[in-house]
Structures are given as C-alpha cells and as structure tokens.
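# Structural features, examined
So you can see what is in the structure, the chains are spelled out below.
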Amino acid sequence: MTQFGILPVHTRFREKHISLVKGDLLDQKVDQFVFSSFNGGYVPTETSIWGAARRRYFGEDASYKVEDLWGWPTQVGDTSVVIFETKEHFSQDFPLISLNMIGADIEVANNGNHDFEYTLRKSLFQLLFACRELSSSGRLGRVLGMPLLGTGDQELPISIVAGLLKQFSEDALSTIECLEDIVICAYSE
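Counting starts from 1 at the beginning of each chain's written sequence and moves along it residue by residue. Predicted model: local features are reported for residues with pLDDT of at least 70 only, side-chain atom pairs are reported and counted for 80 or more only, and whole-chain, interface and lining totals are derived from all residues. The basis for the side-chain values is all heavy atoms of the structure; hydrogens and waters are excluded.

## As for the packing of aromatic side chains
Two aromatic rings, drawn from Phe, Tyr or Trp (for Trp, its six-membered ring), form a pair once their centres lie within 6.5 Å of each other, and the interplanar angle then sorts them: stacked below 30 degrees, edge-to-face above 60, tilted otherwise. One pass over the structure, following the stated rule, counts ten aromatic pairs. Ring geometry for phenylalanine 33 versus phenylalanine 90: centroids 5.8 Å apart, planes at 70°, classification edge-to-face. Highlighted residues: phenylalanine 33 in strand β3 (residues 32-37) and phenylalanine 90 in helix α3 (residues 87-90), separated in sequence by 57 residues. For the pair shown, phenylalanine 33 and phenylalanine 90 are each scored as buried. Ring geometry for phenylalanine 35 versus tryptophan 50: centroids 5.1 Å apart, planes at 85°, classification edge-to-face. Of the two residues, phenylalanine 35 sits in strand β3 while tryptophan 50 sits in helix α1 (residues 49-58), which places them 15 residues apart along the sequence. Each member of the pair, phenylalanine 35 together with tryptophan 50, is buried. Members of the aromatic cluster, connected to one another through ring pairs, are Phe33, Phe35, Tyr42, Trp50, Tyr57, Phe58, Trp70, Phe84 and Phe90. It is arginine 54 that lies over the ring of tyrosine 64; its NZ or CZ is 3.9 Å from the centre. Numbering of helices and strands runs from the N terminus; a helix is a DSSP stretch of H or I covering at least four residues, while a strand is a stretch of E covering at least two. Under the scheme applied here, a residue whose accessible area is under 20% of the maximum for its type counts as buried, over 50% as exposed, and between as partly exposed, the area being computed with a 1.4 Å probe on protein chains only. Put simply, a charge is over a ring when the Lys NZ or the Arg CZ is close to the ring centre, within 6 Å, and near the line of the ring normal, within 35 degrees.

Here's what the structure looks like:
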C-alpha cells in the first residue's frame, strides 16, 4: 500500500481526514467497506471487488451464489443502498455497504447511452443518507474504505470520480459525528 495523500476536513466536531491510498482495498485497515453494484449485481466477477472479496475471504473454490457468500441484502431506509452481514467473514464489527449505481441498466436499455457521472453523483447522495441512517442505529464504523467507484467498466475519468468522492467524503465527515476517516483506494496490481 502507498499512501499518497491525507486531506484534513475541519468539521464542527473536530478535524477529520480523507486518506488517499494506492493498493488493495481489502488490505486497508478500515471498519467497513463500501462496494458498488448495478441493480443488485453482487455476483463476484473475476475483475470486480466482489470477486476479490470472494477469493480473499471464502477461497478460490467458494460458491458464486450471492446468498452463499454475502447472505441476503437489507435495504437501508428508502435508499438504493443495501448492507450485508459479512462482519464475521470480513473480521469487521460493521456490515458491508453496497452502493447501487442507480438506474444504469434501465437507461442504457432505453437509449443505448448513459451518463455515468450523473449516476455516480446520484448514488453518492443516496450513500450519504444511508450512512446517516446507519450511524443513527450504531451500524456505521469510524473508518470507511471505498474504491474509486465508476473507474472500471464505466470508464469514468479518475479526475471526475476523485472530485465526486471528495465532495461525498467532506459532506459525510462534516455531518456524521462517529465517522473519523474515509479511505479512498486506487487499485494497484
């Protein structure tokens, strides 16, 4: 892992941080992971964070069935965000959060193109609300870890994603007292 930046966020609570790292998200010392999916796509493909988690926590010969790995998702409030009770498998005290990249499949099917930047912006708004809900029920950790959402198959430029994740992180750290640090991880082979 290489840490290439810590951004302070001055909040009404205290100074908090956004940590920028390069490496494997699953190696980060975080309380809780945030993965992304499209319309319930929790199936672990070989190139996804879901596939990496399947190999790391369940082994190469593990099932590809969603319910065998993550269990059944639980929706957070009326958002598109769900959680999975993977605490025991991931050795974490808090559930895995899955951010559903809202509406992508529907719009692509309708017109053949899609504004993934808008989708990410909309999804991060849902994630912020979900994190507030999780915090109020004691189900949000102090340190969240997330990859550069949308830079894989969606091919969003890192500069756009970094700006959106920075804005989300500043908003979350400023409004959720229990949250101390958000680790944004760029994957490296």
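## Describing α1
Looking at α1, one finds that the buried residues are Ile49, Trp50, Gly51, Ala53 and Arg54. The positive-phi residue at the C-terminal boundary of α1 is glycine 59, with phi of around 95°.

## Digging into the pattern of salt bridges
A side-chain nitrogen of Lys or Arg and a carboxyl oxygen of Asp or Glu constitute a salt bridge if their distance falls within 4 Å. Applying the stated criterion across every chain yields a total of eight salt bridges. Between aspartate 24 and arginine 56 there is a salt bridge whose closest N-O contact spans 3.0 Å. Placement of the pair is aspartate 24 in the loop between β2 (15-23) and β3 and arginine 56 in helix α1, with a sequence separation of 32 residues. The shortest N-O distance in the salt bridge between glutamate 117 and arginine 121 comes to 3.0 Å. Note that glutamate 117 and arginine 121 are positioned in helix α5 (residues 116-136) at a spacing of four residues, about one turn of the helix. Since its relative accessible area comes to 27%, glutamate 117 is described here as partly exposed. For arginine 121, a relative accessible area of 43% translates into the label partly exposed. Three or more residues joined by partner-sharing salt bridges are found here, namely Asp24, Asp27 and Arg56.

Worth remembering: the numbers are spatial, not functional.
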